[in-house]
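Examination of the molecular architecture
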Amino acid sequence: MPNTQLFNQILEQYSFSVAHHCINSVSPDTQSELIAFINHIDNNPDTTELIGISATSEPIQEIASPWQEVLNEPVNWHSVHTQWLVGVTRQRTKRHQRYITHLEETIRTTEHRINELKASLASEDSQSNLLRWYEQNRDNYHRYLLAAQQVHQASLQQLSSLENH
């Protein structure tokens, strides 16, 4: 039995230290729920007795006090916003990278079709019209690619500056 108590005490201390280090990254809604839950446990001894502990017992008081201190610390909204912004910017840069890869593949395919068309068409009129169409599409894809690369670079710079703060 003493081993179980020691294990529970170590587990509670570990849980507390993890929560203490992560509390600023928790959403405000979650913080509110945790505070409400602890207040509910503190105010309703029946709840804790259902799981075999008493709210007036020493271990609960030892645990509740540090938790209350952590949960009553003010939320660093700048930190929460920055973490959200970093996540959104990472997603945006990944999306831009996939789009750039897709455009590069489309350009390669279009250029391949242009070369095949030049080799296969005998009629000068039909060749020039179809070739012009493919070349126009390729040029449009190049413009889209340049624009996507510029936006991607801007996103990477923003992400870098956010992560360095």
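Only a predicted model underlies this, so the values are computations on that prediction, with no experimental measurement involved. (Residues numbered from 1 in each chain as written. Predicted model: local features only at pLDDT ≥ 70, side-chain atom pairs only at ≥ 80, totals over all residues. Heavy atoms only, no water.)

For His 96, the location among the structural elements is in helix α5 (residues 77–120). Residue His 96 is classed as buried on the basis of its relative accessible area, which comes to 14%. When neighbours within four sequence positions are excluded, His 96 is seen to be in contact with Val 151, His 152 and Ser 155. (Helix = DSSP H or I, 4+ residues; strand = E, 2+ residues; numbered from the N terminus. Buried < 20%, exposed > 50% of the residue type's maximum accessible area, 1.4 Å probe, protein only. Contact = heavy atoms within 4.5 Å.)

For the rest of this paragraph, the subject is the confidence of the model for the chain. Of all residues in the chain, 56% have pLDDT values of 70 or greater, and the mean over the chain is 75. Looking across the chain, the model is least confident in helix α3 (residues 45–50), with a mean pLDDT of 50, and most confident in helix α6 (residues 124–163), with 88. Confidence over residues 47–51 falls short of pLDDT 50; this stretch has 5 contacts with residues more than four positions distant or in other chains. (pLDDT = per-residue confidence, 0-100.)

What follows covers the pattern of salt bridges. Here the structure, examined in full by the defined rule, presents 3 salt bridges. As a salt-bridge pair, Arg 90 and Glu 163 come within 2.5 Å of each other at their nearest N and O atoms. Separated by 73 residues along the polypeptide, Arg 90 in helix α5 and Glu 163 in helix α6 bring together distant segments of the chain. Looking at Glu 163, the relative accessible area reads 41%, which means it is partly exposed. (Salt bridge = Lys/Arg side-chain N within 4 Å of Asp/Glu carboxyl O.)

Once that is clear, we can look at the nonpolar core. One finds Ile 100, Leu 103, Ile 107, Leu 145 and Ala 148 forming the largest nonpolar core, which totals 5 residues. Elements with a contribution of two residues or more to this core: α5 and α6. Broken down by element, the residue count for this core peaks at 3 residues, all from α5. Among all residues touching Leu 103, those that are not within four sequence positions of it are Tyr 141, Tyr 144, Leu 145 and Ala 148. (Core = buried A, V, L, I, M, F, W, Y, C linked by side-chain atoms within 4.5 Å.)

Here the focus is the environment of Ser 79. Here Ser 79 is to be found in helix α5. In the structure, Ser 79 is positioned 86 residues away from His 165 in sequence and 10.0 Å away in space, judged by C-alpha atoms.

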